[in-house]
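# Architecture and fold: a report
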Amino acid sequence: MMSDKFPDAFTWIQNIPQITKWHTTSLSFCICHSASDFPNSTLNLIAQRNPYPKIPTFSIIVQSNNHPPLYLWTSKQELNINPNSPNPFDEQTLTSLLFSLVESILTYTSNSSNYSTIKVPKPDPSMINGLKDIFNAVILTLSFLVCVYEAPLYLRENCLITLKNHLVTCRARQAITSLMKLLGSNLEEQWMRSVNLAITNWIIERKDSRSDKTTTTTPLFSYAVSTYGLWKVQLYCPIEAMEVERSSNPTADSRLLFSLKFNQLEGVMQFNHKVVVRDKWIDVIVKIDNIRYDVIKLVNERLMSRKGAGEHEKHFPSRISLQITPTFQTDFISVSVSKSSNNPGREFEVERSIEGSFDPPNSLGLRVAGREASTMTMTPWKFEQSVLGYTANLNWILYDSSVGGREVFTTKPSRFSIMSPRSWFKDRYARAYRSFTRRGGVIFAGDEYGESVVWKIGKGAMGRRMEWEIKGSIWLTYWPNKYKTFYHETRRLEFTQLLHLTIA
């Protein structure tokens, strides 16, 4: 029977004695048991004798009574161990091993050359809060990646579900968040792309092998930072794990599906906040600093071109909805938002045409063609604010540039617009008046969307540390860019995080 106990590899390694005290050639720690059909197979972390120097080598292996050990991963770095200590794996040595494991995980991204100049830090153990939980979470993450790519079928599915269940716990998520702060933003991105590439492959494998199309729980990873004057929320999610709200029929061909599947959503939401003490109340003022969303490929350009429809066939953000709510509202008096902004208008040429032909036998034939063109000005993105109770709602909505304009996330493109090279969503990442950045994302900065939300609070809240909840929904839409297809779809992701500030 599978155990739900969180694996504590850190304590096991910490208690490993000097090699000279070993009675066997290796020591073993069970990470995961196989399913009941294969009761004698386990996924283990082992420490193995290394004749020279006398330092153990760590490996992740599949052990079975019926087969020789199957090695899935082996450590390469030699550790500096004190030969005179009865317990050679002190915190300094374990910290060195920890970041060696991190480096192994970072190699699983297909774009590692982009980060070749970024060095993995090796901080002093005294600087790391929660070293034990971080170490165990990293072991589980490495085991998950190794299982996706290397484990035999009879063991893989059961172990992946077990490892995933461990990794989505609050304990593991908090540990990974602490690790991300140690690594820094660039290595954080590389880490998440390595992990989400493996998750994408696993989801695709499960969908292909099961008629009921069973999927995993959405493997969204997000965290919040609350510091003096700034709130920040960071999130990552594989596109393939997002819920499909609507899609066209027929489905896309295999090349287009490859391009659409192997991407991840990366988001950053930053807000400036300040507390202003008035004579009779307190104002908490929150302003947008930066809202950024990108759809980033998880495989390199060479593989995307060989197996997919190209890196420019991908989803784009079509709506972002955020709700910011104080969780304890006893002393709140009111909340105020700014009016909805009118974004700078851009001119689009709208074209209507009709063509026909009639060529009866033995005649000169008849052909009819007509075209009407007009120029209109519209705002591709509309920003709206509203209030419900003490909740401030912030919405960015992308509109179709056809006459009248339509919300992109709720509609579908016409066949004529898909075939027309002049449609706004064609060549959408290269045009001068595009609605997205060149790499396919959006940035809403405070200089254009700097409207504030102001909560008035009674003086009784002075000195209290207060909590706000931020809930968000992000819609991603695919309409054809350069690829010849009528396929289109919209996916949705939801997240929740808590933010804090002290009223002082």
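Our subject in this report is the structure included herewith. Small disclaimer: the values here were computed from a predicted structure and weren't measured.

## Details of the overall build of the chain
Scanning the chain from N- to C-terminus turns up 10 helices and 19 strands. The burial tally for the chain puts 51% of its 504 residues in the buried class. Residue pairs at least 24 apart in sequence account for 72% of intrachain contacts in the chain once pairs closer than 6 positions are excluded. Counting every atom, the chain has about 24400 Å² of accessible surface; 50% of that belongs to carbon and sulfur.

## A look at the packing of aromatic side chains
Scanning all chains against the criterion turns up 21 aromatic pairs. Each ring, one from phenylalanine 316 and one from phenylalanine 436, has its centre 5.0 Å from the other, and the planes form 50 degrees; the classification is tilted. Taken as a pair, phenylalanine 316 in strand 10 (residues 316–326) and phenylalanine 436 in the loop between helix 9 (415–419) and strand 16 (442–445) lie far apart in primary sequence, 120 residues in all. Here a set of aromatic residues connected by ring pairs shows up, and it is made of Phe316, Trp424, Phe425, Tyr429, Phe436 and Trp479. When the ring centre of tyrosine 429 is taken as origin, the NZ or CZ atom of lysine 314, which lies over that ring, is 5.6 Å away. Above the ring of phenylalanine 486, the side-chain terminus of arginine 415 is found at 4.0 Å from the ring centroid.

## Details of helix 3 (residues 131–150)
Its 20 residues give helix 3 an end-to-end C-alpha distance of 28 Å, which sits within 8% of 28 Å, the value for a rise of 1.5 Å per residue. Most of helix 3 is tucked away, with 16 of its 20 residues classed as buried.

## Some words on the pattern of salt bridges
According to the stated counting rule, one finds 21 salt bridges in the structure shown. One salt bridge in this structure joins arginine 193 and glutamate 189, with 3.6 Å as the shortest N-O distance. One end of the pair, arginine 193, and the other, glutamate 189, are both in helix 6 (residues 185–209), 4 residues apart, so they sit about a helical turn from each other. Both residues of the pair, arginine 193 and glutamate 189, belong to the buried class.

## Here we look at the sheet that holds strand 4 (residues 70–74)
A sheet is described by the order of its strands in space; here 4 strands give the open sequence 1-2-3-4, paired in antiparallel fashion. A strand with exactly one partner marks an edge of an open sheet, and here the two such strands are strand 1 (26–33) and strand 4. Pairs of neighbouring strands in the sheet enclose a mean axial angle of 30 degrees, with direction left out of account. Relative to strand 2 (residues 41–48), strand 1 runs antiparallel, the two being bridged by 7 bridges. In the strand pairing of strand 2, phenylalanine 29 is matched with leucine 45. Seen against the sheet, helix 3 touches strand 1, strand 2, strand 3 (57–64) and strand 4 and runs at an angle of roughly 130 degrees to strand 4.

## Focus on the packing of helix 3 against helix 4 (residues 153–167)
One can describe the packing of helix 3 onto helix 4 by two numbers: an axis separation of 10 Å at closest approach and a directional angle of 150 degrees. Classified by the angle between their axes, helix 3 and helix 4 sit roughly antiparallel to one another. Every pair of crossing elements has a handedness; the one defined by helix 3 and helix 4 is left-handed. On helix 4, the residues touching Ala137, Leu140, Thr141, Ser143, Phe144, Cys147 and Val148 of helix 3 are Arg156, Cys159, Leu160, Leu163, Lys164, His166 and Leu167.

## Points about the nonpolar core
Grouped together as the largest cluster of nonpolar side chains are 124 residues, with contacts concentrated most on Leu43, Trp191, Phe271, Tyr293, Trp396 and Trp455. Broken down by element, the residue count for this core peaks at 13 residues, all from helix 3. In this structure, Ile204, Phe258, Phe262 and Val299 belong to the second largest nonpolar core, which totals 7 residues.

## Examining the sheet that holds strand 7 (residues 243–247)
Read across the sheet, 6 strands follow the order 7-19-18-10-15-14 without closing on themselves; strand pairing throughout is antiparallel. Of all the strands in the sheet, just strand 7 and strand 14 (381–388) have a single pairing partner and so form its edges. Direction aside, neighbouring strands of the sheet carry axes that sit 20 degrees apart on average.

## Things to note about the side chain of threonine 177
With respect to the helices, strands and loops of the structure, threonine 177 is situated in helix 5 (residues 170–183). When neighbours within four sequence positions are excluded, threonine 177 is seen to be in contact with Phe221 and Tyr223.

## Overview of the environment of alanine 9
In this fold, alanine 9 is placed in helix 1 (residues 9–14). With a relative accessible area of 2%, alanine 9 lands in the buried category. Expressed as a C-alpha distance, the spacing of alanine 9 and leucine 45, which sit 36 residues apart in the sequence, is 8.2 Å. Residues contacting alanine 9, with those up to four places away along its chain left out, are Phe29, Leu45, Phe135, Asn136 and Ile139.

Cut-off values and rules
- Residues numbered from 1 in each chain as written.
- Predicted model: local features only at pLDDT ≥ 70, side-chain atom pairs only at ≥ 80, totals over all residues.
- Heavy atoms only, no water.
- Helix = DSSP H or I, 4+ residues; strand = E, 2+ residues; numbered from the N terminus.
- Buried < 20%, exposed > 50% of the residue type's maximum accessible area, 1.4 Å probe, protein only.
- Contact = heavy atoms within 4.5 Å.
- Areas by Shrake-Rupley, 256 points an atom, 1.4 Å probe, with all protein chains shown as cover.
- Phe/Tyr/Trp six-rings, centres within 6.5 Å; stacked < 30°, edge-to-face > 60°.
- Lys NZ or Arg CZ within 6 Å of the ring centre and 35° of its normal.
- Expected span 1.5 Å × (residues − 1).
- Salt bridge = Lys/Arg side-chain N within 4 Å of Asp/Glu carboxyl O.
- Pairing = 2+ DSSP bridges.
- Axes fitted to C-alpha atoms, helices over the stretch in contact; angles between N-to-C directions.
- Parallel < 35°, antiparallel > 145°, perpendicular 65-115°, else oblique.
- Left-handed = near helix turned anticlockwise from the far one by under 90°.
- Core = buried A, V, L, I, M, F, W, Y, C linked by side-chain atoms within 4.5 Å.

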